[in-house]
Amino acid sequence: MRGVITIALLVLSNVFMTLAWYGHLQWKESSWLKHAGIWAIILFSWGLAFFEYVMQVPANRIGFKENGGPFSFFELKTIQEAISLIVFTLFLIFVVKSEKLAWNHFLGFGLILLAVYVIFKKW
């Protein structure tokens, strides 16, 4: 159960991370962001990133082996990176809509899945 909670928190954390890092690029036409300066955008992004950390830190604590969780440091980081790419890709497909997935993206994602397998495989 700790593994499921960890992954769920990491997914939510990555949603906020993606919005904080890339959302302002997509919503530049909104009335508030259109007229905001760089410092207002930075503060807005930090506000979103706060919620990223509110979920990221507990996810790592709950999921870490030495705290009773199922994952090592390498496994936690690998899960986080894989989730980050999935959330980012979904953001591009459903929110940005101007980017198209190409064969090289699928190949790259396949290689990332292979990396996940290699890291989680008990050799």
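Small disclaimer: the values here were computed from a predicted structure and weren't measured. (Residues numbered from 1 in each chain as written. Predicted model: local features only at pLDDT ≥ 70, side-chain atom pairs only at ≥ 80, totals over all residues. Heavy atoms only, no water.)

## Topic: the overall build of the protein
Defined as follows: The way it works is that DSSP assigns letters per residue, a run of H or I at least four long becomes a helix, a run of E at least two long becomes a strand, and they are numbered from the N terminus. Buried, partly exposed and exposed residues are distinguished by accessible area as a fraction of the type maximum, computed with a 1.4 Å probe on protein chains only: under 20%, between the cut-offs, and over 50%, respectively. Positive: Lys, Arg. Negative: Asp, Glu. His and the chain ends are not part of the count. Here the site of a charge means NZ on Lys, CZ on Arg, CG on Asp, or CD on Glu.
Summing up its helical and strand segments, the protein has five helices and zero strands in all. For the protein, the sequential pattern of α-helices and β-strands runs α-α-α-α-α. Taking the principal axes of its C-alpha atoms as reference, the protein extends roughly 55 × 35 × 20 Å. Looking at the 123 residues of the protein, the share that counts as buried comes to 29%. Measuring between centres, the 10 positive side-chain charges of the protein sit 4 Å from its 6 negative side-chain charges.

## Points about the side chain of Glu 75
Cut-off, in case you're wondering: Two residues form a contact once any of their heavy atoms are found within 4.5 Å.
Relative to the helices and strands, Glu 75 is located in helix H4 (residues 73-96). According to the relative accessible area criterion, Glu 75 is buried, its value standing at 4%. Apart from residues no more than four positions distant in its own chain, Glu 75 is found in contact with Lys 65, Pro 70, Ile 119, Phe 120 and Lys 122.

## Side note on the packing of aromatic side chains
By convention here, two paired aromatic rings are described through the distance between centres and the angle between planes. Note the cut-off: Stacked, tilted and edge-to-face are the three classes assigned to paired rings of Phe, Tyr and Trp, where Trp is represented by its six-membered ring and a pair needs centres within 6.5 Å; plane angles under 30 degrees give stacked, over 60 edge-to-face, the rest tilted. Note on geometry: a ring has a charge over it if NZ (lysine) or CZ (arginine) is within 6 Å of the ring centre and within 35 degrees of the ring normal.
One pass over the full model with this rule turns up six aromatic pairs. Aromatic rings pair up to connect Phe 16, Phe 50 and Phe 51 into one cluster. Seen from the ring of Trp 123, Lys 121 lies directly overhead, with NZ or CZ sitting 5.5 Å from the centre.

## Brief notes about the environment of His 24
Inspection of the secondary structure puts His 24 in helix H1 (residues 2-26). Judged by its relative accessible area of 23%, His 24 is partly exposed. Considering only alpha carbons, one finds His 24 and Ala 59, 35 residues apart in sequence, at a separation of 26 Å. Those residues within four positions of His 24 in sequence are excluded, and the remaining contacts are Leu 19, Leu 33, Ile 41 and Ser 45.

## Some details on the nonpolar core
The line we're drawing: Nonpolar cores are built from buried Ala, Val, Leu, Ile, Met, Phe, Trp, Tyr and Cys residues. Side-chain atoms within 4.5 Å join them into one set.
Membership of the largest hydrophobic core is limited to ten residues, which are Leu 9, Leu 10, Met 55, Ala 59, Phe 64, Phe 71, Leu 76, Ile 79, Ile 83 and Val 87. Every element with two or more residues in this core is listed here: H1, helix H3 (38-63) and H4. Ranked by residue count, the leading element in this core is H4, at four residues. If we ignore the near neighbours within four places in the chain, the residues touching Leu 76 are Thr 6, Asn 60, Gly 63, Phe 64 and Phe 71.

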